Amino acid sequence: MAHCQYCGQRLDEDAIVCSACGASLVGENTGWQELQIQEKIDEAKHRANIHTISAIVLVTIGIVAGSVLCISSNAIGLFGVAFVCLGIGCTASAGRHELKARRLKKQLKL
Ligand SMILES: [Zn+2]
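Rules of the game
- Residues numbered from 1 in each chain as written.
- Predicted model: local features only at pLDDT ≥ 70, side-chain atom pairs only at ≥ 80, totals over all residues.
- Helix = DSSP H or I, 4+ residues; strand = E, 2+ residues; numbered from the N terminus.
- Contact = placed C-beta atoms within 7 Å.
- Buried ≥ 20, exposed ≤ 12 C-beta atoms within 10 Å, placed from the backbone.
- Core = buried A, V, L, I, M, F, W, Y, C linked by C-beta atoms within 7 Å.
- pLDDT = per-residue confidence, 0-100.

**A few points about the overall build of the protein chain**
Here is step 1: Along the backbone of the protein chain there are 2 helices and 2 strands.
Here is step 2: Mapped in sequence order, the helices and strands of the protein chain form the string β-β-α-α.
Here is step 3: If you take every contact in the protein chain between residues at least 6 apart in sequence, the share linking residues at least 24 apart comes to 45%.

Dropping the structure here:
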């Protein structure tokens, strides 16, 4: 866990500006470089994509399995519900990573 070198505020690992005093944490003292920030943005975007794809795949499997419920056993139907839930969870994760990428981008412009 990092701390602001100016006010001592506990900071998020990804913080580029201090949330308490607003000091820029980008510089040689913190090891933050624009390139590293860009890498973080790319990583967050990449993760968002993976989660989005997983969500689509899981929900599709869930819907297909759920349809099978109509002509088959309850167990498969429950399986479908589980997949849809997992898919929704992945969508939430994708949203979080996208938010992180946007937040980092915004900080980069400061
Ligand atoms: Zn501070």
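**Some points on the environment of D14**
Here is step 1: Mapped onto the fold, D14 is located in the loop between β2 (10-11) and α1 (34-71).
Here is step 2: Residue classification places D14 among the partly exposed residues on the basis of 15 C-beta atoms within 10 Å.
Here is step 3: Put simply, D14 and I37 are 23 residues apart on the chain and 8.5 Å apart in space, counted from C-alpha to C-alpha.
Here is step 4: Apart from the residues within four sequence positions on either side, D14 is in contact with K40, K100 and L104.

**A word on the nonpolar core**
Here is step 1: Core analysis: the largest hydrophobic core is formed by 11 residues, namely I16, A44, A48, A55, L58, V59, A65, F83, C90, A94 and L104.
Here is step 2: For this core, the secondary-structure elements that each account for two or more residues are α1 and α2 (74-108).
Here is step 3: The element contributing the most residues to this core is α1, with 6 residues.

**As for the environment of S67**
Here is step 1: As for its placement among the helices and strands, S67 is situated in helix α1.
Here is step 2: S67 sits in the partly exposed class, given 13 other C-beta atoms within 10 Å.

**Overview of the confidence of the model for the protein chain**
Here is step 1: Per-residue confidence for the protein chain gives a mean pLDDT of 78, with 81% of residues at or over 70.
Here is step 2: Mean pLDDT values over the elements of the protein chain span from 78, in α2, up to 88, in β2.

**Details of the environment of T91**
Here is step 1: Inspection of the secondary structure puts T91 in helix α2.
Here is step 2: Residue T91 is classed as partly exposed on the basis of its 17 C-beta neighbours within 10 Å.
Here is step 3: Separated by 39 residues in sequence, T91 and T52 place their C-alpha atoms 5.8 Å apart.

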